[in-house]
Amino acid sequence: MTINYAIIGLGLMGQEHLRNLIELRTTHSYDINIPCLADNYPDSLTTGITIAQPIFESIQSYDSYESMLHDHAKQLDVVIIATPNFHHVNVLLYILKTYPQLHILCEKPVTTNISDCKLVLDAQKERQLIYPNSLLWVGLEYRYMPPITKL
């Protein structure tokens with residue numbers, strides 16, 4: 001079964017997720033597809049496409065995550081949010097309320113303040129009433145890297 005990912009935000013962390021997904025597909029034979037990427041910063045989007053296109057030839061790029069999700073949500077399984085921290089809440093709430101069937105991996109921190117975090121938690125609880133198996137995962141990948149674990 002193919003797992004279809006989209007990545008929103010292609011700065012350093014978005015590129016890291018993209019490279020990790022490519023490695024899972026090419027080195028470990030995971031059945032992964034990335035049909036689309038979104039970033040409103042043209043240089044980051046171009047870099048993301050340059051990284052992805054050799055493996056995912058038909059990948060589409062968007063300068064708006066809303067447009068990307070409108071066009072692709074029905075074929076997606078997982079959305080990775082790697083935007084600047086202050087923007088996480090907007091993207092999360094949009095996905096949780098508009099596309100509640102999608103699994104979400106959000107880079108840390110989920111939000112930058114407690115009131116926004118409460119909004120996200122409430123939206124996640126509400127969506128789980130309809131989609132009880134839908135996941136919202138906070139990415140803490142670097143926590144498990146050997147140099148960090150030594151700290």
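Residues numbered from 1 in each chain as written. Predicted model: local features only at pLDDT ≥ 70, side-chain atom pairs only at ≥ 80, totals over all residues. Heavy atoms only, no water.

Scanning the chain for helices and strands turns up 6 helices and 6 strands. Summarising its shape, the C-alpha atoms of the chain cover approximately 45 × 40 × 30 Å along the three principal directions. For the chain, the proportion of its 151 residues judged to be buried stands at 43%. Sequence-distant contacts, at least 24 apart, represent 68% of the contacts inside the chain between residues at least 6 apart. When the accessible surface of the chain is summed, it comes to about 8800 Å², and 56% of that surface belongs to carbon and sulfur atoms. Of the side chains in the chain, 10 bear a positive and 15 a negative charge, and the two mean positions are spaced by 9 Å. (Helix = DSSP H or I, 4+ residues; strand = E, 2+ residues; numbered from the N terminus. Buried < 20%, exposed > 50% of the residue type's maximum accessible area, 1.4 Å probe, protein only. Contact = heavy atoms within 4.5 Å. Areas by Shrake-Rupley, 256 points an atom, 1.4 Å probe, with all protein chains shown as cover. Lys, Arg positive; Asp, Glu negative; His and termini not counted. Charge placed at Lys NZ, Arg CZ, Asp CG, Glu CD.)

Count 3.6 residues to each turn of an α-helix, and residues three or four apart come out pointing the same way. Listing the buried residues of helix α4 (residues 88-98) in full gives His88, Val89, Val91, Leu92, Leu93, Ile95 and Leu96. Its buried side turned inward, α4 meets β1 (3-8), α3 (65-72), β4 (78-81), β5 (103-107), α5 (114-130) and β6 (136-139).

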